[in-house]
Amino acid sequence: MSKTKETHLWFANGDDEIQIESCWKELNKSVLNLQKDEPSAVYIIDDEPPGFLRAAVKLKNFTFRIMHSQSQEAKKAFSANGKRNQKNLKNTKGCDENAESS
């Protein structure tokens, strides 16, 4: 049975940084990439294998948002738009249009 891995985010209201404690691979990769690009924006507190990261990130460099689920009408509209603009998509090897142009 797999272990549950948690991600913790905390900050003091009015502070300019957010602390992240994470085993989430994608988040950790984003934080480490930000540190490479902007070393002053990230302070690594603890980085122990396998996959654990604790860091302080400047608030101006971190964002998260609450997402609402899409309605069925919106899903159908996005699907119709995608089908209508399929020729603009990359990696569509199975499409008849791309097969003809090859």
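Okay, a nonpolar patch on the surface next. A surface patch of nonpolar side chains, about 390 Å² in accessible area, is lined by Leu9, Phe11, Leu59 and Phe64. Inspection of the secondary structure puts leucine 59 in the loop between strand E4 (53-58) and helix H2 (72-84). Among the residues examined, leucine 59 registers a relative accessible area of 31% and is labelled partly exposed.

Moving on to the nonpolar core. One finds Ile18, Ile20, Leu27, Val31, Leu34, Ala41, Val42, Ile44, Leu53, Ala55, Val57 and Phe62 forming the largest nonpolar core, which totals 12 residues. Listing elements by their share of this core, those giving two or more residues are strand E2 (17-22), helix H1 (25-37), strand E3 (42-46) and E4.

The next subject is the side chain of serine 22. Assignment of secondary structure puts serine 22 in strand E2. Judged by its relative accessible area of 0%, serine 22 falls in the buried class. Leave out the neighbours within four places in its chain, and serine 22 touches Glu6, Thr7, Leu27, Asn28, Gly51, Phe52 and Leu53.

Before going further, it helps to examine the environment of threonine 7. One can find threonine 7 in the segment before strand E1 (8-10). Residue threonine 7 is classed as partly exposed on the basis of its relative accessible area of 33%. Threonine 7 has contacts with Glu21, Ser22, Cys23, Trp24 and Leu27, leaving out every residue within four places of it along the chain.

It is worth spelling out the pairing of E4 at this point. As judged from the six bridges shared by E2 and E4, these two strands associate in the antiparallel manner. By the bridge assignment for E4, glutamate 21 is matched with arginine 54. Across four bridges, E3 lies against E4 in antiparallel orientation. If you follow aspartate 46 over to E4, its bridge partner there is arginine 54. Linkage of E3 to E4, two consecutive antiparallel strands, is achieved through a turn of six residues, within which glycine 51 is found at a positive phi near 85 degrees.

Below, the discussion takes up the environment of leucine 32. With respect to the helices and strands, the residue leucine 32 is situated in helix H1. Taking the C-alpha atoms as reference points, leucine 32 and isoleucine 44, separated by 12 residues in sequence, lie 8.6 Å from one another. Filtering out sequence-adjacent residues up to four positions away, leucine 32 remains in contact with Ile44, Asp47 and Leu53.

Here H1 spans 18 Å end to end across 13 residues, near enough to the 18 Å set by a 1.5 Å rise per residue. Where H1 is concerned, the buried positions are Leu27, Asn28, Val31 and Leu34. All buried residues of H1 lie within an arc of 125 degrees about the axis, which places them on one face of the element. Facing away from the buried side of H1 by over 90 degrees, the exposed positions are Lys25, Lys29, Lys36 and Asp37. Where the residues of H1 are buried, they touch E2, E3 and E4.

Calculation criteria
Residues numbered from 1 in each chain as written. Predicted model: local features only at pLDDT ≥ 70, side-chain atom pairs only at ≥ 80, totals over all residues. Heavy atoms only, no water. Patch = residues over 30% accessible without salt bridge, like charges linked within 9 Å, V, L, I, M, F, W, Y side chains within 5 Å. Areas by Shrake-Rupley, 256 points an atom, 1.4 Å probe, with all protein chains shown as cover. Salt bridge = Lys/Arg side-chain N within 4 Å of Asp/Glu carboxyl O. Helix = DSSP H or I, 4+ residues; strand = E, 2+ residues; numbered from the N terminus. Buried < 20%, exposed > 50% of the residue type's maximum accessible area, 1.4 Å probe, protein only. Core = buried A, V, L, I, M, F, W, Y, C linked by side-chain atoms within 4.5 Å. Contact = heavy atoms within 4.5 Å. Pairing = 2+ DSSP bridges. Expected span 1.5 Å × (residues − 1). Arc of directions from axis to C-beta.

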